[in-house]
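Structural overview
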Amino acid sequence: MSEERNKPETYLLSKELEEAVQVAEITARPLLLKGEPGTGKSLLADYLSFKTKKKLYSWHVKSTSLAKEGLYFYDAVSRLNDSRFTEDKEKVRNIENYIRLGALGEAFSADEHSVVLIDEIDKADIEFPNDLLLELDRMEFVIQETGRKIKAIHRPLTLITSNNEKELPAAFLRRCIFHYIDFPEPSFMADIVSSHFPKIESSLLKRALESFYVIRTMDDMKKKPGTSELLDWIQILIHMGAKLPEDGRIPYIGALVKNEEDLKLFR
């Protein structure tokens, strides 16, 4: 059921976000998206890929990621093993057989327009964004081991997400179109929920949203529930046939509250 809920065609854009995407397309600049977790930053790439019928290349950044990995990776270990165990010496001599393109490398090499997602760029080292400046500007790079240059045939629509774990360098920010995804107002959230659950009863939707936004107004919470938690919770309510009690109690609270301190506070 969660896979059904995450279908890209159910994604809704605010007017402001739609304008930001248009500006990124016009300027051919990467679109840098910020906003609290659960506001749909990463899912936007799936939606745009679905809507435009362009292939999506995703790069999920980790704390150990290097900028070069998004371009290509030289698999020296496989080459070493082949040199010891394979009889195909011609394969071993050709380094190109051990070059693996990353998400950006594949997008640059594609003979059609595409969408690139660089997800949670702020997880990596502070120099990581700066290491990508030249490649994102010129849309080309050189594979150092072979000297082969890869230049984008079509400039991909590039989306970059950040959760504000680290400040991004000013030089990097200058090269991006920026948009902060505000948390949805109740009316827009109702539209979001209805797009995922078109058959939801209006009374359940109204009371669920009222309870949800009451929880989000609790200032002492460490982790306020986001859109993703709300959709999970409503999915459970619908599946279980649950009705929200008149006394304000909230069933299946574990779908909304995600740590023990917040749970004690709520209770």
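These figures come from a predicted structure and were not determined experimentally. Here the residue numbers are simple positions, counted from 1 along each chain's written sequence. Only residues with pLDDT of at least 70 are given local features in this predicted model, and only at 80 or more are side-chain atom pairs given and counted; all residues enter the totals for whole chains, interfaces and linings. Based on all heavy atoms of the structure, the side-chain values leave hydrogens and waters out of the count.

1. As for the environment of Val77
Locating Val77 in the fold gives a position in helix α4 (residues 76–85). Remark: exposure states derive from per-residue accessible area (1.4 Å probe, protein chains only) relative to the maximum for the residue type, with buried under 20%, exposed over 50%, and partly exposed in between. Take Val77: its relative accessible area is 57%, and that puts it in the exposed class. Sequence separation between Val77 and His179 is 102 residues, and the spatial gap between their C-alpha atoms is 41 Å. Numbering of helices and strands runs from the N terminus; a helix is a DSSP stretch of H or I covering at least four residues, while a strand is a stretch of E covering at least two.

2. Topic: the UniProt feature "domain: AAA+ ATPase" (unreviewed entry) in the protein chain
Feature annotation in UniProt assigns "domain: AAA+ ATPase" (unreviewed entry) to the following positions: residues 27–187. Secondary structure within residues 27–187 divides into 31% helix and 25% strand; the distance between the first and last C-alpha atoms comes to 32 Å. UniProt positions are given in the numbering used here, feature names are shortened, and annotations may be inferred rather than shown by experiment.

3. Regarding helix α11 (residues 202–216)
By definition here, a helix of n residues has an expected span of 1.5 Å times n minus one. Relative to the 21 Å expected for 15 residues at 1.5 Å per residue, α11 spans 21 Å between its end C-alpha atoms, a close match to the ideal helical length. Along α11, the residues classified as buried are Leu204, Leu205, Ala208, Leu209, Ser211, Phe212, Tyr213, Ile215 and Arg216. Those residues of α11 that are buried are in contact with α10 (186–196), α12 (227–240) and α13 (260–266). Pairs of residues are marked as contacts when any of their non-hydrogen atoms sit within 4.5 Å.

4. Side note on the pattern of salt bridges
What makes a salt bridge here is a side-chain nitrogen of Lys or Arg within 4 Å of a carboxyl oxygen of Asp or Glu, nothing more. Enumeration according to the criterion identifies 14 salt bridges in this entry. In this structure, Glu120 engages Lys123 in a salt bridge whose closest nitrogen and oxygen atoms are separated by 2.8 Å. The partly exposed category is assigned to Lys123, whose relative accessible area is 32%. The closest approach of N and O atoms between Lys222 and Glu261, which form a salt bridge, is 3.1 Å.

5. Concerning the pairing of strand β1 (residues 31–34)
Alternating positions in β1 separate into two faces, Leu31 and Leu33 on one and Leu32 and Lys34 on the other, with burial throughout. As defined by bridge partners, β1 adjoins strand β8 (residues 157–162) across four bridges and the pair is classed as parallel. Residue Lys34 lies in a different strand from β8, and its bridge partner there is Ser162. Note that β1 and strand β9 (residues 177–180) share four bridges and pair parallel. Bridge assignment links Leu33 to a residue of β9, and that residue is His179. Two strands make a pair as long as DSSP finds a minimum of two bridges between them.

6. Observations regarding the sheet that holds β8
Strand order in the open sheet formed by five strands is β2-β5-β8-β1-β9, with parallel pairing between adjacent strands. On the outer flanks of this sheet lie β2 (55–60) and β9, each paired with one strand and no other. Here the average twist between neighbouring strands, direction ignored, is 20°. As a rule, the C-alpha atoms of each element are fitted with a line to give its axis, helices using only the stretch in contact, and angles between N-to-C directions run from 0 to 180 degrees. The sheet strands contacting helix α2 (residues 15–27) are β1, β8 and β9, and the helix crosses β9 at an angle near 170°. In the packing of helix α3 (residues 43–52) onto the sheet, the strands contacted are β1, β2, β5 (114–119) and β8, and the crossing angle to β5 comes to about 175°.

7. Side note on the domain arrangement of the protein chain
Where each domain begins and ends follows an automated or database-derived domain assignment. According to the domain assignment, the protein chain contains domain 1 (8–181) and domain 2 (186–265). Every contact between the two is made by six residues of domain 1 and, on the other side, eight residues of domain 2. Summed over both partners, buried area is the accessible surface (1.4 Å probe) that two parts give up on being assembled. In this assembly, domain 1 packs against domain 2 so that about 610 Å² is buried in total across both faces, 56% of it on carbon and sulfur atoms. Taken together, the connections running from domain 1 to domain 2 amount to one salt bridge. What qualifies as a polar contact is a pair of N or O atoms within 3.5 Å, subject to a donor-acceptor requirement within protein and to the restriction that residues adjacent in sequence count only when both atoms come from side chains. Where domain 1 touches domain 2, the interface holds three residue pairs in polar contact (both at pLDDT 80 or more). Polar here means any residue other than Ala, Val, Leu, Ile, Met, Phe, Trp, Tyr, Cys and Pro, which are nonpolar, and Asp, Glu, Lys and Arg, which are charged; Gly is therefore polar. Split by residue class, the side of domain 1 that touches domain 2 holds two nonpolar, three polar and one charged.

8. Re α2
Each turn of an α-helix holds 3.6 residues, which means side chains three or four residues apart point in the same direction. For α2, with 13 residues, the first-to-last C-alpha span of 19 Å sits near the 18 Å given by 1.5 Å per residue. Of the positions making up α2, those classed as buried are Leu17, Ala20, Val21 and Ala24. Projected onto a plane normal to the axis of α2, the buried residues spread over an arc of 100° and lie on a single side. Turned more than 90 degrees from where α2 packs its buried face, Lys15 and Ile26 sit exposed. Packing partners of the buried residues in α2 comprise β1, α3, β8 and β9. Ala28 sits one or two positions beyond α2 and adopts a positive phi of about 60°. Directions drawn from the helix axis to the C-beta atoms are what define this arc.

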